[in-house]
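Each chain, written out:
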Amino acid sequence: MAGQDGRRIGHVVVLGANGTMGYGSGALFTRAVPRVTFLARTREKARQGLEAAIAQVRSPTVAERVDVGSYDEDLDRVVAEADLIFEAVTEKMDLKRGLFERIDAGRRDDAIVATVTSGLSINALADGRSESFRRSFLGLHFFNPPNVIVGTELVAGRDTDPAVTDFVERFATRELGRVVVRTADTPGFAGNRVGFKVLNEAAQLAEVHGPLLVDRLVGPYTGRALSPLATVDLVGWDIHQAIVDNIYENAPDEAHETLRMPDFMRRLMSEGVLGNKSGRGFFAREGKRKLVLRPDRGDWVPAEEVKLPDLSFVARVARHHHVGDYRGGMRAFVEAEGPYADLARKVVAGYVSYAFHRAGEVTDSIEGIDLIMGFGFNWAPPSVLVDTIGAGPMVQMMERSGVPVPAALEDLARTERPRRLFRHSDVNVGKYFVAA
């Protein structure tokens, strides 16, 4: 694709190509770009990334369009040839900045440099680099796996050339099939700022109530494809820590304490517990048996040995979802009685409240947060939950749960005629409400 200034993307270099985001993004680029170079610490690791990319997408274009190399032997040469240098190394500021120093010395002045960081400051990453580098540098945050999840955050720095930002947005939308949301350079950007608030709150609740109960209470019936603690295991506890620590340290807000990572997770991480990648997290498998973590003891027990309270209200909500009656399902959710229904409503109300309070801070409006939560996390966008539950009942749910009510929802609840907030008619919102 050529931009208005004749700019084209014909060669992409991917740094960190042996990591899941690196090889997944590299495979995505082969859809639209004739040459993609996978780089890693060694040529063998880059080759492993290529093999993983081929296995992930099962497309011959990956093998046909990718060459591999190492940082020591090939980085300077291929960076000088690249139209887009895409950095996907470990989420460590010093490591990324060291690579950017090398890239700055060898890139062409018109080469774009993008980072897939999940929340480190774009301005801080570019600090000290040349003017040319800073004008061509931005965040391009894909969600994992990129071949499946199309939501993408585009994050410009204070010095990024607006023409570069516009070009990358067109390229990502038209050539890569992304749903692009422009976000501010704030910790966690939009998706992780909102999403990991919920994930970490669920982790905190697991210490008190146990992971199995928490994942049932805040499960798919509340409008998410995967329950929260299973999501943390999938993402990896180390990635979870990097994201929530960054937000907690750099973005104090009205829900600050929900982003403090539980001490039991840090303790277990020191013993090698990292979620699915280590074989154990909140959940584990022993043959065909599902195991569940006991946070207070640091061991795992068979799921069938964990006694759960009466959660029949979950089944009642799910029955409505199963037949496509999503408003009826969420009405049953709002009306359910008992302390566990109260707990589930507090998490959902907190999600919606936090998202609406971030509008204007992390994105220009709630629409951006809606899109990234819907297309990045595969969660029901906050506005969909307001539309489905109703602004008045949502405000009441927030008040009863003790979470702050956004002014926009207070105003909406006061009007006599309901106004639909989520206006993307091409999106079937039913996909967010899984029956069980």
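Values in this document were obtained by computation on a predicted structure and should not be read as measured data.

K.L.:
How do you make sense of the sheet that holds strand β1 (residues 11-15) when you look at a structure like this?
P.N.:
Backbone-to-backbone hydrogen bonds pair the strands of a sheet. The strands run either parallel or antiparallel. Spatial strand order, β3-β2-β1-β4-β5-β6-β7-β8: 8 strands in an open sheet with mixed pairing. Every interior strand has two partners, whereas the edge strands, β3 (66-70) and β8 (179-183), have only one. Geometrically, the sheet is characterised by an average inter-axis angle of 25° between neighbouring strands, direction not taken into account. With 5 bridges joining them, strand β2 (residues 35-40) and β3 adopt parallel strand pairing.

K.L.:
So what exactly am I meant to see when it comes to the side chain of Asp245 here?
P.N.:
Topologically, Asp245 is positioned in helix α12 (residues 237-250). Overall, the relative accessible area of 16% leaves Asp245 in the buried class. Each residue touching Asp245, except ones within four places of it in the same chain, is listed here: Met261 and Arg266.

K.L.:
Please explain the packing of helix α15 (residues 326-335) against helix α16 (residues 339-358) as it appears in this structure.
P.N.:
Axes are the key here: two packed helices are described by the angle between their axes and the distance separating the axes. Interaxial distance between α15 and α16 falls to 9 Å at its minimum, and their mutual angle equals 120°. With respect to each other, α15 and α16 are oriented oblique. Each of Phe333, Val334 and Glu335 in α15 lies in contact with α16, whose residues at this interface are Ala344, Arg345 and Val348. Its residues assigned to classes, the contact of α15 with α16 comprises 4 nonpolar, no polar and 2 charged.

What counts, and where the lines are drawn
Residues numbered from 1 in each chain as written. Predicted model: local features only at pLDDT ≥ 70, side-chain atom pairs only at ≥ 80, totals over all residues. Heavy atoms only, no water. Pairing = 2+ DSSP bridges. Helix = DSSP H or I, 4+ residues; strand = E, 2+ residues; numbered from the N terminus. Axes fitted to C-alpha atoms, helices over the stretch in contact; angles between N-to-C directions. Buried < 20%, exposed > 50% of the residue type's maximum accessible area, 1.4 Å probe, protein only. Contact = heavy atoms within 4.5 Å. Parallel < 35°, antiparallel > 145°, perpendicular 65-115°, else oblique. Nonpolar A, V, L, I, M, F, W, Y, C, P; charged D, E, K, R; others polar.

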